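The lines below spell out each chain.
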Amino acid sequence: MQSDSRDPDRPAHPGILPSQEAGKSEQHPAERSVDFPVSVVLPAGGSGERTGLQTPKQFCSFLGRPLISYTIQAFERVSWIQSIVVVVAKENMDLMTDIVQRFQHRKVRAVPGGSTRHRSIFNGVLALGEGEEEEEERPAADRPKVVIIHDAVRPFVEEDFLYKIAMAAKEQGAAGAIRPLVSTVIATTSEGYLDYSLERAKYRASEMPQGFTYDVIYQAYQRCSESDFEFGTECLHLALQYCGTNAKLIQGPPMLWKVTYKRDLAAAESIIKETTWKKVLTSVSMRNCRVFQFVCLCFCALTHTFIHMTVCVCVCVCVCVCVCVCVCILVRSVCLWEHFSIDGFLSEAVVLEVLCSFQLWL
């Protein structure tokens with residue numbers, strides 16, 4: 001996809017795991033508010049041939065939860081997204097239904113896909129236009145204003161970026177994520193020789209999510225050719241070719257990468273484990289914050305009271321000791337009076353003993 005942007009290149013796939021938490025940008029904006037209906041189509045009908053596994057990658061489990069469930073969860077957290085349509089192969093419909101029920105996904109509806117990517121996405125778009133019964137057509141007022149299309153194997157999508165896509169799609173009719181190209185794109189001849197190369201700075205990689213008004217994406221699929229359905233992969237191109245809608249292109253964050261190969265599964269698992277523990281610890285910390293503050297206040301109050309009580313007890317003990325000493329000296333003095341001489345004068349030994357007693361007390 002061509003673009004005039006001259007932004008510095010960034011890797012389209014994480015060579016190393018990012019240090020920041022997945023699914024979060026460096027800035028944390030306030031919760032977004034959208035005043036028009038938005039729905040999501042998640043194509044998940046791929047067989048996962050490039051991973052070399054028998055299980056399609058969208059159904060591979062991490063920490064007891066399949067990858068597609070993490071992607072659905074990312075969209076369910078967004079309050080302004082009303083519904084999610086997951087398009088899966090017919091043979092996986094029961095599996096998808098079980099996932100929805102087991103993990104209690106609230107906004108999700110599973111529909112069977114087609115033989116190609118475009119056919120599957122179109123099935124999802126058609127499902128958004130249907131009522132509760134599949135044969136019933138939903139009134140135009142009840143259809144979503146904007147449809148966001150996203151890959152089921154891109155679980156690390158952020159609400160802030162979804163908001164940008166939704167708003168741009170509403171204003172322009174179509175919008176999509178792009179990333180700088182890492183490698184130069186070349187064309188080869190039928191004999192396997194270099195034909196020509198593209199100037200990398202002028203082109204961008206098309207990524208997901210992409211957003212469209214419902215009318216634009218619906219009409220684009222209604223008007224496209226069988227060749228587009230069979231071999232095409234780019235929804236933005238259909239909107240431009242068949243509806244004349246020039247999409248707004250938005251630079252995507254690094255975490256939009258797609259789980260494609262087996263090595264990507266290991267990277268995704270590592271990120272999911274890291275972010276899961278961070279969310280658990282953060283949740284526990286937030287829930288116990290007030291309790292912790294209350295405990296700290298109680299501890300400080302008890303400590304303050306204990307110190308005051310200790311000082312009071314020490315003062316009382318000192319007073320008691322002084323009183324006891326005074327009483328003892330007084331009693332001893334009275335006893336000494338019995339040693340008076342007959343003529344009424346104290347003997348020298350008695351006077352010295354009294355003086356020694358007072359000196360020891362002092």
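Here the structure is a predicted model, which is why all the values come from computation and not from measurement.

Visitor: How should the nonpolar core be read in this particular structure?
Guide: Nonpolar side chains in soluble globular proteins tend to end up buried together. Judged by nonpolar contacts, the single largest core of 37 residues is most densely connected at I68, F75, W80, I81, I84, V86 and M96. Taken together, the elements giving at least two residues each to this core come down to β1 (38–44), α1 (67–76), β4 (81–88), α2 (93–102), β6 (146–149), α4 (159–172) and β7 (174–180). Broken down by element, the residue count for this core peaks at 7 residues, all from α4. Filtering out sequence-adjacent residues up to four positions away, M96 remains in contact with F59, I68, I72, V86, V88 and A110. Listed in part, the 27 residues of the second largest apolar core include V41, I149, L236 and A247.

Visitor: Looking at this structure, how should I read the packing of helix α5 (residues 214–223) against helix α7 (residues 235–243)?
Guide: Packed helices, taken two at a time, are described by the angle between their axes plus the distance between the axes. The N-to-C vectors of α5 and α7 enclose an angle of 75 degrees; their axes lie 9 Å apart at closest approach. Overall, the two elements α5 and α7 adopt an arrangement that is roughly perpendicular. For the pair α5 and α7, the contacting residues are V216, I217, Q219, A220, Y221 and R223 in the first and C235, L238, A239, Y242 and C243 in the second.

Visitor: Could you clarify how one ought to interpret the side chain of H118 in this entry?
Guide: By secondary structure assignment, the location of H118 is in helix α3 (residues 117–128). Owing to a relative accessible area of 1%, H118 belongs among the buried residues under this scheme. The contacts of H118, once residues within four sequence positions are left out, are Y221, D228, F229, G232, T233, E234, C235 and L238.

Visitor: Explain the packing of aromatic side chains here, please?
Guide: Aromatic ring pairs are defined here through the distance separating the ring centres and the angle between the ring planes. On inspection of all chains with the given rule, the structure shows 7 aromatic pairs. Here the aromatic rings of F122 and Y221 are separated by 5.3 Å at their centres, their planes lie at 25 degrees, and the arrangement is stacked. Taken together, the positions of F122 in helix α3 and Y221 in helix α5 put the pair 99 residues apart, joining distant regions of the chain. For the pair F122 and Y221, one class covers both residues: buried. Centre to centre, the rings of Y214 and Y218 are 5.8 Å apart; their planes meet at 10 degrees, and the pair counts as stacked. With Y214 and Y218 both in helix α5 and 4 residues apart, the pair spans about one turn of that helix. Note on Y214: relative accessible area 4%, which makes it buried. On the accessibility criterion, Y218 (28% relative accessible area) is partly exposed.

Visitor: Would you explain unusual backbone geometry in this entry?
Guide: Where the residue is not glycine, phi is negative for most of them; where a peptide bond is considered, it is trans in most cases. Put simply, M208 and P209 share a cis peptide bond, and its omega is 10 degrees. Tracing the backbone shows P209 in strand β10 (residues 204–213). Its identity as a non-glycine residue notwithstanding, L63 has a phi of 55 degrees, on the positive side. Residue position: L63 is located in the loop between β2 (61–62) and β3 (65–66). Judged by its relative accessible area of 49%, L63 is partly exposed. Here the phi dihedral of Q104 falls at roughly 55 degrees; this positive angle occurs in a residue that is not glycine. Within the secondary structure, Q104 is located in the loop between α2 and β5 (108–112). Under the relative-accessibility criterion, Q104 is labelled exposed at 64%.

The rules behind the values
- Residues numbered from 1 in each chain as written.
- Predicted model: local features only at pLDDT ≥ 70, side-chain atom pairs only at ≥ 80, totals over all residues.
- Heavy atoms only, no water.
- Core = buried A, V, L, I, M, F, W, Y, C linked by side-chain atoms within 4.5 Å.
- Buried < 20%, exposed > 50% of the residue type's maximum accessible area, 1.4 Å probe, protein only.
- Helix = DSSP H or I, 4+ residues; strand = E, 2+ residues; numbered from the N terminus.
- Contact = heavy atoms within 4.5 Å.
- Axes fitted to C-alpha atoms, helices over the stretch in contact; angles between N-to-C directions.
- Parallel < 35°, antiparallel > 145°, perpendicular 65-115°, else oblique.
- Phe/Tyr/Trp six-rings, centres within 6.5 Å; stacked < 30°, edge-to-face > 60°.

Read these as geometric descriptors, not functional statements.
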